[in-house]
Amino acid sequence: MPFIEVAGYLFHRLRQMGVGSVHGVPGDYNLTLLDYVEPAGLRWVGNANELNAAYATDGYARIKGIGALVTTFGVGELSAANAIAGAYTERAPVVHIVGTPARELQDARKLIHHTFNDGEYRRFAQIHAHLTVAQASLRDPRMIPEQIDDVLRQCIIHSRPVYIEVPVDLVDQRVPDDRLSTAINIAATIPLQSHNAVLDRILGRMYSAKQPIVLVDGESRALDILDEIQKLIHATNWPTWSTCFGKGLLDETVPNFHGIYRGSFDDAAVRTFIDKADLALCFGPHFSSTNTFSYSNIPNVDRTIFFTDTEVTFGSDVVRDVPAKHISSLLIESIDISKIHRYDPYPNLPRDQALSFLDVTGGERITQDRLWKLLASFLRPGDIVLGETGTPGYGVRQMSLPKHTRLFTPVTWLSIGYMLPAAQGAALAQEELVTSSNYNGIQDARTILLIGDGSFQMTAQELGTIIRHQLNVVIFLINNDGYTIERCIHGRNQRYNDIARWRYLQAPGFFGAHEDTFIASASTWQELEKVLTNETVSSGKGLRFIELLLDREDAPAGPLSYLLENQKTGKRNV
């Protein structure tokens, strides 16, 4: 029977599953493990620190479908823990591989570095048990291939992080490689009579509805039902909205897609129409406070059918063991379009619209009430757009997106600084898909990061990783002199919302960019137009870095401007 080293087995499995690059930081307990990355056909990225590496892996995984991270034991894995928690919260399939001390050292409870010096080695794994959906401590070579396969399978099924410990003395231990000849299988759903009963119940509600709508949330990506939802939206032509988490997952150019439903912050006509809907099909709900505009965009429960991982919920009636992928596929196969309500005429409902420079006055200062809709005209099919927690994260939600454009916006975890490393990971995944001709035939896609000055200072080191790997990234840095999002919430004039005033346009050079890298600053619409129409910015390659100078209390219309106005009028924000 042929054999392969443990590390070789792990990395070959990851490559089979679609991983093309591995993020992480070298450390003394993972160095021999890293020797096997490139021989397996994978690219080693190498990040500035483990937190950034895990953020980048999260961004990579959301585009590619799975990502891999390697850290060292203790100090390295704990540095990554915050990002792993975010990946768990927002369902990014990250494989966290940790190089650990040799088994003999662990068993003897030796007092060594990267521990608490008390002989207790299991604390870090116990921490990660709360942050990952499955864990494997590799100890017995006879079980290792099966352990690895099982954990990777759960990563894909649940679209959440998993955790694999590889002791240094097992890295080159040989194990059978026969399992590598067969792809890791995901068990098919066994059709049950109860599934047909659920389907009939859904169809019955759909056929009787007189004012139906569709609401698409972000966990639909994890459920792998986007194709089915897209077919349903096209077939029914029912008015469709997304949440913040769901924006960018579907084709937003279809006429019955109306952008994000903003609940109490939305247009009155939209609120009235949705309130009067007698049926809402809600796919992949993720009802955190920040994703629901303080719970105001959750549809009426009694009139909604919710599709989650393995449940379909009719009001308060939960039907279990009905996988979303299975039931949505049955729905598409079975629906009789002639029996559903057809909107004729179609209701007059607003849609997100891009602005042009004809809509602004050139010499005026840039303001966020129009900036985001104007930047939408800069986008093209296949772009990945990331809006960091802060004013950019709220602003990008107003953008109308071309077809095949993905959007990252703050959802629930809201760890400031995430988006810069995530842009590195997403751009890398985008590059791999374009190179493999698996990107909807698109060759000129870009990754576009919109990030505030405060957030940039959190994870600025990953600019160097973007430069080193020559990734195609356009960065718009919103310089509004500190934490404007926090000023909106509380402390408009408090010093704790101030930050150091960096010379941001010098950052690309400091982090290794070539001297001809495009950098620019804009504070007026005229200056911004000059930047956006520059051929290098729109169609160049590599890093382009643009600083936008905005007023410190300027915020997009919506929750942030509402909170800011409360402070100005003396109301307390909670």
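It should be emphasised that the depicted structure is a prediction, and the values quoted were computed from it without experimental measurement. (Residues numbered from 1 in each chain as written. Predicted model: local features only at pLDDT ≥ 70, side-chain atom pairs only at ≥ 80, totals over all residues. Heavy atoms only, no water.)

**Digging into the overall build of the chain**
Okay, so step 1: Broken down by element type, the chain carries 22 helices and 21 strands.
Okay, so step 2: The C-alpha atoms of the chain give a radius of gyration of 25 Å, which matches the 25 Å a tight globule of 574 residues would have.
Okay, so step 3: Principal-axis analysis of the C-alpha atoms places the extent of the chain at approximately 70 × 65 × 50 Å.
Okay, so step 4: Buried positions account for 58% of the 574 residues belonging to the chain. (Helix = DSSP H or I, 4+ residues; strand = E, 2+ residues; numbered from the N terminus. Rg over C-alpha atoms; globule rule 2.2 N^0.38 Å. Buried < 20%, exposed > 50% of the residue type's maximum accessible area, 1.4 Å probe, protein only.)

**Quick word on the layout of surface pockets**
Okay, so step 1: Computed from the structure, the largest pocket encloses a volume of approximately 1,400 Å³.
Okay, so step 2: When residues of the lining of the largest pocket are traced back to their parent elements, those giving at least two are α3 (50–64), α7 (144–158), α9 (219–223), α10 (226–236) and α12 (324–334).
Okay, so step 3: Tallied by class, residues from the lining of the largest pocket come to 19 nonpolar, 12 polar and 11 charged. (1 Å grid on protein atoms, 1.4 Å probe; cavity = no way out; pocket = protein on both sides within 12 Å on 5 of 7 lines; lining within 4 Å. Points joined across faces, edges and corners; volume = space filled by probe spheres on them. Nonpolar A, V, L, I, M, F, W, Y, C, P; charged D, E, K, R; others polar.)

**Concerning a nonpolar patch on the surface**
Okay, so step 1: A cluster of nonpolar side chains, namely I156, I157 and I186, defines an oily patch on the protein surface of about 220 Å² accessible area.
Okay, so step 2: For I186, a relative accessible area of 44% puts it in the partly exposed group. (Patch = residues over 30% accessible without salt bridge, like charges linked within 9 Å, V, L, I, M, F, W, Y side chains within 5 Å. Areas by Shrake-Rupley, 256 points an atom, 1.4 Å probe, with all protein chains shown as cover. Salt bridge = Lys/Arg side-chain N within 4 Å of Asp/Glu carboxyl O.)

**Describing the packing of helix α1 (residues 6–16) against α7**
Geometry of a packed helix pair, given as the angle between the helix axes and the separation of the axes.
Okay, so step 1: The interhelical angle for the contact between α1 and α7, taken along N-to-C directions, is 30°, at an axis separation of 11 Å. In terms of orientation, α1 and α7 fall into the roughly parallel class. Classified by chirality, the crossing of α7 by α1 is right-handed. In contact with V6, Y9, L10, R13 and L14 of α1, α7 contributes I144, P145, I148, D149 and L152.
Okay, so step 2: Tallied by class, residues from the contact of α1 with α7 come to 8 nonpolar, no polar and 2 charged. (Axes fitted to C-alpha atoms, helices over the stretch in contact; angles between N-to-C directions. Parallel < 35°, antiparallel > 145°, perpendicular 65-115°, else oblique. Left-handed = near helix turned anticlockwise from the far one by under 90°. Contact = heavy atoms within 4.5 Å.)

**Some details on the UniProt feature "domain: Thiamine pyrophosphate enzyme central" (unreviewed entry) in the chain**
Okay, so step 1: Residues given the UniProt feature "domain: Thiamine pyrophosphate enzyme central" (unreviewed entry) here are residues 200–321.
Okay, so step 2: With 27% helix and 24% strand, residues 200–321 has its two end C-alpha atoms placed 16 Å apart. (UniProt positions renumbered as here; feature names shortened; annotations may be inferred.)

**Some thoughts on the domain arrangement of the chain**
Okay, so step 1: Splitting the chain by domain gives domain 1 (3–181), domain 2 (193–339) and domain 3 (368–569).
Okay, so step 2: For domain 1 versus domain 2, the distance between C-alpha centres works out to 36 Å.
Okay, so step 3: Listed by partner, the interface residues are 6 residues for domain 1 and 7 residues for domain 2.
Okay, so step 4: Where domain 1 abuts domain 2, roughly 570 Å² becomes buried across the two surfaces, and 42% of that area is made up of carbon and sulfur atoms.
Okay, so step 5: Considering only the side of domain 1, the residues that lose the most area to domain 2 are R62, E90 and R91, jointly responsible for 71% of the buried surface there. (Domains from an automatic or database assignment. Buried area = accessible area lost by both parts, 1.4 Å probe.)

**Quick look at the sheet that holds strand β10 (residues 240–242)**
Adjacent strands of a sheet form backbone hydrogen bonds with each other and so pair up, either parallel or antiparallel.
Okay, so step 1: An order of β11-β10-β9-β12-β13-β14-β15 is seen for the 7 strands of this open sheet, with the pairing classed as mixed. Lying at the two open borders of the sheet, with one neighbouring strand each, are β11 (257–260) and β15 (317–320). Across the sheet, the axes of successive neighbouring strands diverge by a mean angle of 15°, strand direction being ignored.
Okay, so step 2: Note that strand β12 (residues 279–283) and strand β13 (residues 304–307) share 4 bridges and pair parallel. Bridged to L281 within β13 is I305. (Pairing = 2+ DSSP bridges.)

**Structural notes on the pairing of β15**
Okay, so step 1: Bridging between strand β14 (residues 311–314) and β15 involves 4 bridges; their strand directions are antiparallel. Bridge pairing in β15 places E311 opposite R320.
Okay, so step 2: Counted along the chain from β14 to the antiparallel partner β15, the turn is 2 residues long, and its residue G315 has a positive phi close to 65°.

**Examining the packing of aromatic side chains**
Okay, so step 1: One pass over the full model with this rule turns up 18 aromatic pairs.
Okay, so step 2: Taken together, a centroid distance of 5.7 Å and an interplanar angle of 80° make the contact between F265 and Y562 edge-to-face. Here the residue F265 occupies a position in the loop between β11 and α11 (268–275), and Y562 occupies one in helix α22 (residues 559–568), the gap between them amounting to 297 residues.
Okay, so step 3: By relative accessible area, Y562 is classed as partly exposed at 46%.
Okay, so step 4: Ring geometry for F283 versus F307: centroids 4.5 Å apart, planes at 15°, classification stacked. On the criterion of sequence distance, the pair formed by F283 in strand β12 and F307 in strand β13 is long-range, its members being 24 residues apart. F307 shares its class with F283; the two are buried. (Phe/Tyr/Trp six-rings, centres within 6.5 Å; stacked < 30°, edge-to-face > 60°.)

**Regarding the pattern of salt bridges**
Okay, so step 1: What the rule picks out here adds up to 34 salt bridges.
Okay, so step 2: Put simply, R62 and D58 hold a salt bridge, and the shortest N to O gap is 2.6 Å. Here D58 and R62 lie together in helix α3, a separation of 4 residues that amounts to about one turn. Take R62 and D58: they sit in the same class, and that class is buried.
Okay, so step 3: Salt-bridge contacts for R179 lead to D149; the nearest nitrogen and oxygen are separated by 2.9 Å. Separated by 30 residues along the polypeptide, R179 in the loop between β8 (174–176) and α8 (193–208) and D149 in helix α7 bring together distant segments of the chain.
Okay, so step 4: For R179, a relative accessible area of 31% puts it in the partly exposed group.
Okay, so step 5: When its relative accessible area of 2% is taken as the criterion, D149 is described as buried.

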